[in-house]
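Next come the chains, spelled out residue by residue.
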Amino acid sequence: MKEQITESMCCEEHHVHTSLVHQIEDGMPDEEMMQSLAEFYKIFGEPTRIKILCVLFQSELCVCDLAEVTGMTQSAVSHQLRVLKQMKLVKNRREGKTVYYSLADGHIQSILNQGMEHIAE
């Protein structure tokens, strides 16, 4: 449901606070950084990727185990892992013929925790 813009949401008189606007503009990330950040957050917009990240939050697993825990096919898990790896959210290591996946770093755990805390409020 889209919120209607009312007069109480707008300034009664158009006046730009130039020094404040310039200060904010100087502190803003460049367009490339904002585009990268938007792409990063798009990854979290897919529930199956969130599910995989939540599983890996608990333990390092191979594709077979990830498929079993998530109720997905190995092919579907592999596809999502490829996307997550491209965005540097997961990493892998090989042990013999088995490839194990884990979260890339503690930042991913923090992002998931903060998101869940925000939703729980």
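Above this note sits the structure.
Residues numbered from 1 in each chain as written. Predicted model: local features only at pLDDT ≥ 70, side-chain atom pairs only at ≥ 80, totals over all residues. Heavy atoms only, no water.

Asker: Whenever I open this one, the packing of helix α3 (residues 47-58) against helix α5 (residues 74-86) confuses me. Can you help?
Answerer: The relative placement of two packed helices comes down to the angle between their axes together with the axis-to-axis distance. Closest axis-to-axis distance for the α3/α5 pair is 10 Å, and the angle between their directions is 80 degrees. Considering the angle they form, α3 stands roughly perpendicular to α5. Between α3 and α5, the residues in contact are Thr48, Arg49, Ile52, Leu53 and Leu56 and Val77, Gln80, Leu81, Val83 and Leu84, respectively. Taken together, the residues of the contact of α3 with α5 sort by class into seven nonpolar, two polar and one charged. (Axes fitted to C-alpha atoms, helices over the stretch in contact; angles between N-to-C directions. Helix = DSSP H or I, 4+ residues; strand = E, 2+ residues; numbered from the N terminus. Parallel < 35°, antiparallel > 145°, perpendicular 65-115°, else oblique. Contact = heavy atoms within 4.5 Å. Nonpolar A, V, L, I, M, F, W, Y, C, P; charged D, E, K, R; others polar.)

Asker: Help me understand the pairing of strand β3 (residues 98-103) in this model?
Answerer: A regular strand places its side chains on the two faces of the sheet in alternate fashion. Alignment of strand β1 (residues 61-62) against β3, held across two bridges, turns out to be antiparallel. Within the sheet, the bridge partner assigned to Leu61 lies in β3 and is Tyr101. Across six bridges, the pairing between strand β2 (residues 90-95) and β3 is antiparallel. By the bridge assignment, Asn92 is partnered in β3 with Tyr101. Taken together, β2 and the strand that follows it, β3, pair antiparallel across an intervening segment of two residues, in which Gly96 is found at a positive phi of about 65 degrees. (Pairing = 2+ DSSP bridges.)

Asker: How do you make sense of the packing of α3 against helix α4 (residues 63-70) when you look at a structure like this?
Answerer: Across the interface, α3 lies against α4 with an axial gap of 10 Å and an inter-helix angle of 115 degrees. When the axis of α3 is compared with that of α4, the two are roughly perpendicular. Both α3 and α4 take part in a crossing whose hand is right-handed. Contacts between α3 and α4 pair Lys51, Ile52, Val55 and Leu56 from the former with Leu66, Val69 and Thr70 from the latter. (Left-handed = near helix turned anticlockwise from the far one by under 90°.)

Asker: Explanation requested: the pattern of salt bridges in the structure shown.
Answerer: Per the counting criterion, the structure on display carries three salt bridges. For Lys42, the salt bridge is made with Glu39, and the minimal N-O distance between the two is 3.2 Å. Taken together, the residues span about one helical turn, with Lys42 and Glu39 both in helix α2 (residues 31-42) at a distance of three residues. Given the relative accessible area of 51%, Lys42 is considered exposed. Here Glu95 and Arg93 are joined by a salt bridge, their closest N and O atoms 2.8 Å apart. (Salt bridge = Lys/Arg side-chain N within 4 Å of Asp/Glu carboxyl O. Buried < 20%, exposed > 50% of the residue type's maximum accessible area, 1.4 Å probe, protein only.)

Asker: How should unusual backbone geometry be read in this particular structure?
Answerer: Comment: phi is negative for the bulk of residues other than glycine, and the bulk of peptide bonds are trans. With phi around 60 degrees, Lys88 is a residue other than glycine that occupies positive phi space. With respect to the helices and strands, Lys88 occurs in the loop between α5 and β2.

Asker: I'm lost on the sheet that holds β2 in this one. Help?
Answerer: Across the sheet, three strands lie side by side as β1-β3-β2; this open sheet has antiparallel pairing. Single-partner strands in this sheet number two, and they are β1 and β2. Docked against the sheet, α3 engages β1, β2 and β3, running at close to 95 degrees with respect to β3.

Asker: Any chance you could explain the packing of aromatic side chains here in plain terms?
Answerer: The relation between two aromatic rings is expressed through the spacing of the ring centres and the mutual angle of the planes. Inspection of the entire model under this criterion finds three aromatic pairs. Ring geometry for Phe40 against Tyr41: centres 5.2 Å apart, planes inclined by 75 degrees, an arrangement best described as edge-to-face. Tyr41 gets classed as partly exposed once you look at its relative accessible area, which sits at 47%. Taken together, a centroid distance of 6.2 Å and an interplanar angle of 45 degrees make the contact between Tyr41 and Phe44 tilted. Joined through ring pairs, the aromatic side chains of Phe40, Tyr41 and Phe44 make up one cluster. (Phe/Tyr/Trp six-rings, centres within 6.5 Å; stacked < 30°, edge-to-face > 60°.)

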